Each structure stands twice: as C-alpha cells, then as structure tokens.
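Working through the structure, step by step
Residue-level listing of the chains:
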Amino acid sequence: MAVRHYLQFKDFSCEEYEYLFERTRWIKDMFKRYVPYRPLHDRTLAMVFEKHSTRTRVSFEAGMHQLGGTVITLMTRDTQMGRGEAIEDVARVITRMVDIVMIRTFEQAIIERFAEYSRVPVINGLTNEYHPCQILGDIYTFVEQRGSIVGKTVAWIGDSNNVCNTWLQAGEVFDFNVHVSTPPGYEVEPERAGLYGTDHYEEFADPMEAVKDADLITTDVWTSMGMEAEDAERRHDFENWRVDIDMMRAARKDALFMHCLPAHRGEEVAAEVIDGPQSVVWDEAENRMHTQKALMEYLLLGRIKTQGELWST
Ligand code: CP
Ligand code: NVA
C-alpha cells in the first residue's frame, strides 16, 4: 500500500479530519489526566528544519515523547544538506532508519521531492506555500470553542501567505467561507494556494468589510520567513491591515481571534486584541501538540477502532 503523507491540508478528507479530532479529544484528555499513552514506543521521528521554529519543534518533540517514541532533530545547516547533498539522497537514507519525518523548508517542491523518495510518512511542518499542521490545530481549537466550523465565516487579514493558503484549502475541505483582505499586490493566488475553485473565498479591498459578521478573525506576520529583504516595504504596505479592536467589534459578538504565532504586537495585531478576551492564541498553540499526536498516530498505526480495544492492549 502507498505510504500516506501530510504535505498539504487537502491531502485528508473532511471525514478523516473528523476522525483525527475525535482522537485528539481522547489523546488530550489522557494527557490532562496524566494517563500514559505510549503506542509509538518503538518509533522514531526525524525532524528537519531549514527555518526557525519554537512551537512546531516543541509540539512535535513533546508529542512524540509522550507517545513513547524518540525524536531526532536536524537543523539543515549542521548536516550534509547544508553542504548541498541532494534531497532525494537524504530522503532515501533517513527513511531507512526512522519511521516518520517532519520537514520545515522553503518551496513545497522540496518536501514533495523528499516524499517521493521516502519509505515512511512525511509531514509538512511549514513550507513557503502551506502550513497544514497549523490549521489542523486551529480548526480543532475552533471546534473545541464553538462547535462545527461548517458554514462559518473566517476573516483573514494581511498577507496571502502559507497560513492563508492553508485556511483557503480548509474552507474547501470543510465547507466554510474565508473572507480575505490583503493590500493591493498581495492578493490570493488560487493556483499557488492549491484551490479547486473560488467559491469558498471572497476578497475584500477594505479589511473592515472582510470582518463583518465573521465568526473568527485571524492574521499572521507581515513578513514571513525567507521574505526578510521585503520587510521595510511590507511594513509600509500593510500599515492598514492591523487587526484592532474596531475590527473585532465589526465581527460577530462571539467572534474568536487566532494567530499562529510568533506575533508582533502593534504590527499585524493590536496588543489589546491578542491579549484580549476573544483571543484563543494560547489554546491554539497548545492544540498543535494534541492534534499532531493524533496525526502521527494515524499515519503510523492507522485507525484505532475503539477505546475498548485500546484499553485491552
Ligand atoms: N506557528 C508556528 O509554526 O510556530 P513556530 O514557527 O514557532 O514553529
Ligand atoms: N507565515 C509565517 C508563519 C510562521 C509560523 C512564516 O512562514 O514565517
């Protein structure tokens, strides 16, 4: 059977996400009650980072440790990859030794080439185009706080980057609407976002229009990793795309605020929003770990049929 990878959000169906969320609830509950659950005690995760990380690294390392497994973390500049070893060769070697791989890199094409030569599941821990693990955790957080996301409206304010593209894919998978507002010149590129169509999102020139009646407002840094040379220009171009209290007031009364983090208070988000009562950013960050534990369990062990069976093992 072909190895399953998780390279972009649309790699899984809505039904598979519902299964993952059910597992996440159970896994999170075990963790909160200090009940050990170590089904991956003989498995090794290799993580390859070509870019910086705090949350992704800690959530995968802690999560794999809690599931009983081992983690090897590689920063590419310390490896032969940093001296130009072909990604195909690295994939062939590493995946003879470990059971699952997570990669954070630049172009999506790099992780796709790695996956093509991999014997084991490969997880996208962020590329220039996508960040599926982030939206997995974000939607779980929304469901935990508000119930089903189907038919809801998510407002994305800011850059149409990897996190935005992944929200757009998620809109198609789950059937919800995304209102996007970017400065001119930074609009959504549907092909790069990997979309099937344009009927699950709408673009707004005015961010205040985009947030009207939204159930969730979310944003991200103006300058993503790898774009640092554009920082000064972007600070100027994005000046009016800061999520502030007026935007939160224009959304639904019970609207949530999310940010994948790291955040820059006073740039893409006002401090009173990210530190305010509608913000769920800390739950969002924590849920990265619980959802990724369910993801690794699924990719390595398949579906766990019932909790009864689990308890009998
Ligand atoms: N949100 C996120 O992926 O954070 P890190 O860059 O710290 O991993
Ligand atoms: N869009 C950001 C997300 C960081 C988690 C970046 O790619 O740098």
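First, a word on what this report is: a plain description of the structure on this page.

1. Thoughts on the sheet that holds strand β8 (residues 216-219)
Spatial strand order, β7-β6-β5-β8-β9: 5 strands in an open sheet with parallel pairing. Each having just a single partner strand, β7 (201-203) and β9 (256-259) make up the two edges of the open sheet. If you compare each strand with its neighbour and ignore which way they point, the axes differ by 20° on average. The sheet contact formed by strand β6 (residues 177-181) and β7 spans 3 bridges and is parallel. In the sheet register, valine 178 faces β7, and the bridge partner there is tyrosine 201. Lying on the sheet, helix α5 (residues 132-146) is in contact with β8 and β9; it crosses β9 at an angle near 160°.

2. Some points on the site of ligand 2
Close to ligand 2 lie Leu126, Asn161, Asn162, Asp220, Val221, Ser224, Met225 and Leu261. In the environment of ligand 2, an oxygen atom lies 2.8 Å from a nitrogen or oxygen atom belonging to the backbone of methionine 225. When isolated, ligand 2 has an accessible area of 270 Å², and the protein chains bury 94% of it. Looking at side-chain class alone, the shell around ligand 2 contains 4 nonpolar, 3 polar and 1 charged residues.

3. Concerning unusual backbone geometry
The peptide bond linking leucine 261 to proline 262 adopts the cis configuration, its omega dihedral lying at 5°. In this structure, aspartate 213 is a non-glycine residue whose phi angle is positive, near 65°. Examined against the element boundaries, aspartate 213 turns out to sit in the loop between α7 (207-210) and β8. On the basis of relative accessible area, aspartate 213 is assigned to the exposed category, the value being 57%. At leucine 261, a position not held by glycine, the phi torsion is positive, near 70°. Positionally, leucine 261 belongs in the loop between β9 and α10 (271-274). Leucine 261 gets classed as buried once you look at its relative accessible area, which sits at 10%.

Cut-off values and rules
Residues numbered from 1 in each chain as written. Chains lettered and ligands numbered in written order. Predicted model: local features only at pLDDT ≥ 70, side-chain atom pairs only at ≥ 80, totals over all residues. Heavy atoms only, no water. Pairing = 2+ DSSP bridges. Helix = DSSP H or I, 4+ residues; strand = E, 2+ residues; numbered from the N terminus. Axes fitted to C-alpha atoms, helices over the stretch in contact; angles between N-to-C directions. Contact = heavy atoms within 4.5 Å. Near = heavy atom within 4 Å. Polar contact = N/O pair within 3.5 Å; in protein donor to acceptor, adjacent residues only side chain to side chain. Areas by Shrake-Rupley, 256 points an atom, 1.4 Å probe, with all protein chains shown as cover. Nonpolar A, V, L, I, M, F, W, Y, C, P; charged D, E, K, R; others polar. Buried < 20%, exposed > 50% of the residue type's maximum accessible area, 1.4 Å probe, protein only.

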